[in-house]
Amino acid sequence: MVDQFVGTWKLTLSENFDAYMQELGVCGATRQMGKLLKPKFIISVAEDGVITMQTKSSFKSTEIKFKLDQAFEEKTADERTTQTIVTFAGGKLVQKQTWGDNKSTTLERTLDSGKLITTCTMGNVVATRTYERDA
């Protein structure tokens, strides 16, 4: 299941991420920094089923721990506090964040040709971030 996602991944391609961050309400200075970063994304799974996702960069690092299908509170890199749930279906890890007045975004992670593809969607704005395994 999720084990295929386990490992350390490095960002190699980011498409439309500035527009996605703008749709989230991220300020201009933070968006500029976000466009320049090439973070590492680390996924691990503990024996008790707790999944850890870490994003590490020189600007900011985040970590969330959760069990599939169980809602939890998440503090995002852009300082939003969200109710988040992560599910696994059809070979995809789907992370849905909700906050404020009915705002929501979905981060869908899939594997394709050995690459981790993260599709970030909010409203009509879609960004794609491609990661490759870090040797």
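As annotated in an unreviewed UniProt entry, the protein chain is Cellular retinoic acid-binding protein 1 from Muraenolepis orangiensis. Under the heading Function (unreviewed entry), UniProt records this for the protein chain: "Cytosolic CRABPs may regulate the access of retinoic acid to the nuclear retinoic acid receptors." Taken from UniProt, the Sequence similarities (unreviewed entry) comment for the protein chain reads in full: "Belongs to the calycin superfamily. Fatty-acid binding protein (FABP) family."

Caption draft 1: Region of interest: the side chain of Thr 110. Within the secondary structure layout, Thr 110 lies in strand β8 (residues 103-112). The buried category is assigned to Thr 110, whose relative accessible area is 19%. In contact with Thr 110, other than residues within four places in its own chain, are Phe 5, Lys 92, Lys 115, Leu 116 and Ile 117.

Caption draft 2: Inspection of the pairing of strand β2 (residues 40-45) at higher detail. Relative to β2, strand β1 (residues 7-15) is paired through four bridges, and the arrangement is antiparallel. The residue of β2 that forms the bridge with Lys 10 is Lys 40. Here six bridges tie β2 to strand β3 (residues 51-56), and the two strands are oriented antiparallel to one another. Paired with Phe 41 across the two strands is Thr 55, which belongs to β3. The loop that links β2 with its antiparallel partner β3 comprises five residues; one of these, Gly 49, has a positive phi angle of about 90°.

Caption draft 3: Focus on the UniProt feature "domain: Cytosolic fatty-acid binding proteins" (unreviewed entry) in the protein chain. What UniProt calls "domain: Cytosolic fatty-acid binding proteins" (unreviewed entry) maps, in this numbering, to residues 7-24. Segment residues 7-24 splits into 44% helix and 50% strand. End C-alpha atoms: 28 Å apart.

Caption draft 4: Spotlight on the sheet that holds strand β4 (residues 62-66). With respect to topology, ten strands assemble into an open sheet ordered β4-β3-β2-β1-β10-β9-β8-β7-β6-β5, the strand pairing being antiparallel. With partners counted over all chains shown, the strands left at the sheet margins are β4 and β5 (72-75), one partner each. Geometrically, the sheet is characterised by an average inter-axis angle of 25° between neighbouring strands, direction not taken into account. Helix α1 (residues 17-24) contacts β1, β7 (92-99), β8, β9 (115-122) and β10 (125-133) of the sheet and is inclined by roughly 125° relative to β10.

Caption draft 5: Seen up close, a nonpolar patch on the surface. A grouping of Met 33, Leu 36 and Phe 59 is seen on the molecular surface, where their side chains present a nonpolar patch of about 310 Å² in accessible area. Its location among the elements puts Leu 36 in helix α2 (residues 28-36).

Caption draft 6: Structural view of the environment of Met 21. Inspection of the secondary structure assignment puts Met 21 in helix α1. The class of Met 21 is buried, set by a relative accessible area of 7%. Sequence separation between Met 21 and Thr 62 is 41 residues, and the spatial gap between their C-alpha atoms is 16 Å. Dropping the residues within four chain positions of it, Met 21 is found in contact with Val 26, Arg 31, Gly 34 and Lys 35.

Caption draft 7: Local environment of the pattern of salt bridges. Within this structure, the stated rule accounts for seven salt bridges. A salt bridge links Lys 92 to Glu 108; the shortest N-O distance between them is 3.5 Å. Of this pair, Lys 92 sits in strand β7 while Glu 108 sits in strand β8, and the two are 16 residues apart along the sequence. A single salt-bridge network, built from bridges that share partners, covers Lys 60, Lys 75 and Glu 79.

Thresholds, definitions, all that
Residues numbered from 1 in each chain as written. Predicted model: local features only at pLDDT ≥ 70, side-chain atom pairs only at ≥ 80, totals over all residues. Heavy atoms only, no water. UniProt positions renumbered as here; feature names shortened; annotations may be inferred. Helix = DSSP H or I, 4+ residues; strand = E, 2+ residues; numbered from the N terminus. Buried < 20%, exposed > 50% of the residue type's maximum accessible area, 1.4 Å probe, protein only. Contact = heavy atoms within 4.5 Å. Pairing = 2+ DSSP bridges. Axes fitted to C-alpha atoms, helices over the stretch in contact; angles between N-to-C directions. Patch = residues over 30% accessible without salt bridge, like charges linked within 9 Å, V, L, I, M, F, W, Y side chains within 5 Å. Areas by Shrake-Rupley, 256 points an atom, 1.4 Å probe, with all protein chains shown as cover. Salt bridge = Lys/Arg side-chain N within 4 Å of Asp/Glu carboxyl O.

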